[in-house]
Amino acid sequence: MYETLLQKAKEASGHAYAPYSKFQVGAALLAKSGKIYMGANVENSSFGVTVCAERMAFLTAIYAGERDFKAIAVSSPQKQELVPCGICLQTMQEFCTGDFVIAGETKKYLLKELLPRGFQL
Ligand code: THU
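Per-chain numbering applies: the sequence of each chain, read as written, is numbered from 1 onward. Two thresholds apply to this predicted model, a pLDDT of at least 70 for residue-level local features and 80 or more for giving and counting side-chain atom pairs, whereas whole-chain, interface and lining totals are computed over all residues. As a convention, hydrogens and water are excluded, and side-chain values are obtained from all of the structure's heavy atoms.

**Student:** Now, about the site of the ligand: what can you tell me, with residues and values included?
**Tutor:** In these notes, residues near a molecule or strand are those with any non-hydrogen atom within 4 Å of it. Taken together, the neighbourhood of the ligand is formed by S21, F23, V25, N41, E43, T50, C52, A53, E54, V83, P84 and C85. Counting of polar contacts relies on pairs of N or O atoms within 3.5 Å, with two restrictions inside protein: one atom must be capable of donating a hydrogen and the other of accepting it, and residues adjacent in sequence are counted only when both atoms are side-chain atoms. Side-chain polar atom of N41 to an oxygen atom of the ligand: 2.9 Å apart, as the coordinates give it. Between the ligand and the protein, one listed contact pairs an oxygen atom with a backbone N or O atom of A53 at 3.0 Å. Notes on the ligand: free accessible area 370 Å², of which the protein chains cover 78%. Each accessible area is a Shrake-Rupley result for a 1.4 Å probe, and residues are judged covered by the shown protein chains and nothing else.

If you want it as structure tokens, here you go:
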């Protein structure tokens, strides 16, 4: 399961728009429905406008009506082991339990390990 997801994340990184950092990221998000949603980072000359690969995958899935998720794989040709940024972890927390799996090329983490105390309103 994670191999397929990682393969899709790798494919997705090829869709990145990253002319500033030259750091391409792809994400593949597995919903409990069985569907996979992909995302890639899209940068902007106003850097703060940049959207990460993980958030693109989540927002696409949410728009499609998904609310329950199993795992996400992340991949970059520029870095072997990638951990999502804090904003993306907070996005994951909105929709996932602590047992949501975050898979890199060689390591897997649970959301509760990477964001043990995320913001709660
Ligand atoms: N980036 C992601 O897409 N996901 C991450 O988890 C970390 C960083 C992107 C944002 C920016 O386009 C580039 O990688 C360098 O920070």
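**Student:** Go over the pairing of strand β3 (residues 69–75) with me, naming the residues and quoting the values.
**Tutor:** Categorising residues by exposure relies on relative accessible area from a 1.4 Å probe, with only protein chains included: less than 20% of the type maximum marks a residue as buried, more than 50% marks it as exposed, and the intermediate range marks it as partly exposed. What counts as a helix is a DSSP run of H or I of at least four residues, what counts as a strand is a run of E of at least two, and both are numbered from the N terminus. With six of seven residues buried, β3 lies mostly within the body of the structure. When DSSP finds at least two bridges between two strands, those strands are taken to pair. Bridging between strand β1 (residues 26–31) and β3 involves six bridges; their strand directions are antiparallel. Looking at β3, one finds that A27 is bridged to V74. Bridging between β3 and strand β4 (residues 101–103) involves three bridges; their strand directions are parallel. Across the sheet, the residue bridging to A73 is A103, located in β4. Note on the crossover from β3 through helix α3 (residues 86–95) to β4: the handedness is right-handed. A clockwise course of the path from the first strand over the helix to the second, judged with the strands pointing away from the viewer, identifies a crossover as right-handed.

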